[in-house]
Amino acid sequence: MFDLTGKTALVTGASGGIGAEIARALHGAGATVGLSGTRVEPLEALAAELGGRAHVLPCNLSDPEAVTALPKQAAEAMGSVDILVNNAGITRDNLFMRMSDEEWAGVIEVNLTSTMRLCKGVLRGMMKARWGRIINISSIVGATGNPGQGNYAAAKAGMIGMGKSLAYEVASRGITVNAVAPGFIATAMTDKLNDEQKGAIMGQIPAGRMGSPEEIAAAVLYLASPESGYVTGATLHVNGGMAML
Amino acid sequence: MSDITARVKAIVVEQLGVEEEKVNEQASFIDDLGADSLDTVELVMRFEEEFGIEIPDDAAEKIQTFGDAVSFIEKAQA
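What you see is a predicted model; the values in this text were computed from it and never measured.

A. Quick peek at the overall build of chain A. Across its full length, chain A carries nine helices and seven strands. Taking 18 Å as the expected radius of gyration for a compact globule of 245 residues, we find that chain A reaches 17 Å, a close match to that expectation. Referenced to the eigenvectors of the C-alpha coordinate spread, the extents of chain A come out at roughly 50 × 40 × 40 Å. The 245 residues of chain A split such that 49% are buried. As presented, chain A carries roughly 11,100 Å² of accessible surface, and 55% of it is formed by carbon and sulfur atoms.

Below is the structure:
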């Protein structure tokens, strides 16, 4: 099950906790992986850890030209892009009434617009191959909202609506487009929360714990696999029951 | 039949799975040859690769018949 031997996967945000784990999971299933991110050092460390079948492809997702060039660079390095995982994301939290245009636009640009550009960039090859997997890493916040995250929630909900529209268009070509919506996942980002904040969050999670990056990566691995070929336009919520959607 | 016409016809026949006789100059990809909108995008991609040209989106929208495609490619290669 879930054998990706001979497949190629581009993962954005591969320098982060969840992105690195996604890359490990796809690589572990036999895929060649393109590791993209802004920080080169962690990408190179990850590539070294994985050994063969790993390519470092640095990219600043707030630079439209760099984003447009990334699918081409990935295809040159790996021969194709069969699987695209749009995982990179930033936050610029602020109360809605205080949110600046820059905070809004920056989050939409990196989280949503770059996803659109990367999807466009890989579609030609997938259409020709009559096979493709696009997995957008959304968020529970895209479905439920979250105070202070109007921009982030809009971008994450936007990924889902955009992905469903694209899923309609390319379903007949063997390309699926799905989303994974993580809840609270233990990463460097959530490590910064204090005990009181953590306690408040735990109270809302029926599973009584935070999720692990491995649990997100497993969902991505399924949606990247040949076995998920009849699943498209779906959002897989991985949140310990925090929101049952 | 010119070389370009023959090559374009071969692509259309293969891409849309239609009989060669149906592919005449006035044949509309969508109305006569059963293409959907995504097929037309793929056709343009195939033309770009076959002839080593770039067909911008606004030009691609105007290529609606087999004749449109042949004349666009002939001009692009002239």
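Having seen the structure, we can now continue with the description.
B. Geometry of the UniProt feature "domain: Ketoreductase" (unreviewed entry) in chain A. The UniProt entry lists residues 7-183 of chain A under the feature "domain: Ketoreductase" (unreviewed entry), expressed in the numbering used here. Across residues 7-183 of chain A, helical content stands at 53% and strand content at 19%; the span's end C-alpha atoms are separated by 28 Å.

C. Up close: the UniProt feature "modified residue: O-(pantetheine 4'-phosphoryl)serine" (unreviewed entry) in chain B. Per the UniProt record, the feature "modified residue: O-(pantetheine 4'-phosphoryl)serine" (unreviewed entry) sits at Ser37 of chain B. Tracing the chain through its elements places Ser37 of chain B in helix H2 (residues 37-51).

D. View of the UniProt feature "domain: Carrier" (unreviewed entry) in chain B. Mapped onto this numbering, the UniProt entry gives "domain: Carrier" (unreviewed entry) at residues 2-77 of chain B. Taken end to end, residues 2-77 of chain B is 62% helix and 0% strand, and its two terminal C-alpha atoms sit 13 Å from one another.

E. Representation of the packing of aromatic side chains in the model. Residue and element names in this part refer to chain A. Going through the model one piece at a time under the given rule, you end up with one aromatic pair over all chains. Judged by centre distance (5.7 Å) and plane angle (65°), the rings of Phe2 and Tyr222 are edge-to-face. Taken together, the positions of Phe2 in the segment before strand S1 (8-11) and Tyr222 in helix H9 (residues 213-224) put the pair 220 residues apart, joining distant regions of the chain. Residue classification places Phe2 among the partly exposed positions, given a relative accessible area of 25%. The ring of Trp131 has Lys7 lying over it, and the distance from NZ or CZ to the ring centre is 3.9 Å.

Criteria and thresholds
Sequence positions are assigned chain by chain, starting from 1 and proceeding in written order. Each chain gets a letter, beginning with A, and each ligand a number, beginning with 1, in the order they are written. Selection of residues for local features in this predicted model requires a pLDDT of at least 70, selection of side-chain atom pairs for listing and counting requires 80 or more, and totals for whole chains, interfaces and linings are taken over all residues. Here the side-chain values reflect all heavy atoms present in the structure, with hydrogen atoms and water set aside. Secondary structure elements follow DSSP: runs of H or I of four or more residues count as helices, runs of E of two or more count as strands, with numbering from the N terminus. Radius of gyration here uses only the C-alpha atoms, and the compact-globule reference equals 2.2 Å multiplied by the residue count raised to the power 0.38. Burial status follows relative accessibility: with a 1.4 Å probe on protein chains alone, a residue under 20% of its type maximum counts as buried, one over 50% as exposed, and anything between as partly exposed. Only the protein chains shown count as cover for residues, and the accessible areas themselves come from Shrake-Rupley with a 1.4 Å probe. UniProt positions are given in the numbering used here, feature names are shortened, and annotations may be inferred rather than shown by experiment. Centre distance within 6.5 Å is the pairing criterion for rings of Phe, Tyr and Trp, where only the six-membered ring of Trp is used; planes under 30 degrees apart are then read as stacked, over 60 as edge-to-face, and the remainder as tilted. Two thresholds decide whether a charge sits over a ring: the Lys NZ or Arg CZ must be within 6 Å of the ring centre and within 35 degrees of the ring normal.

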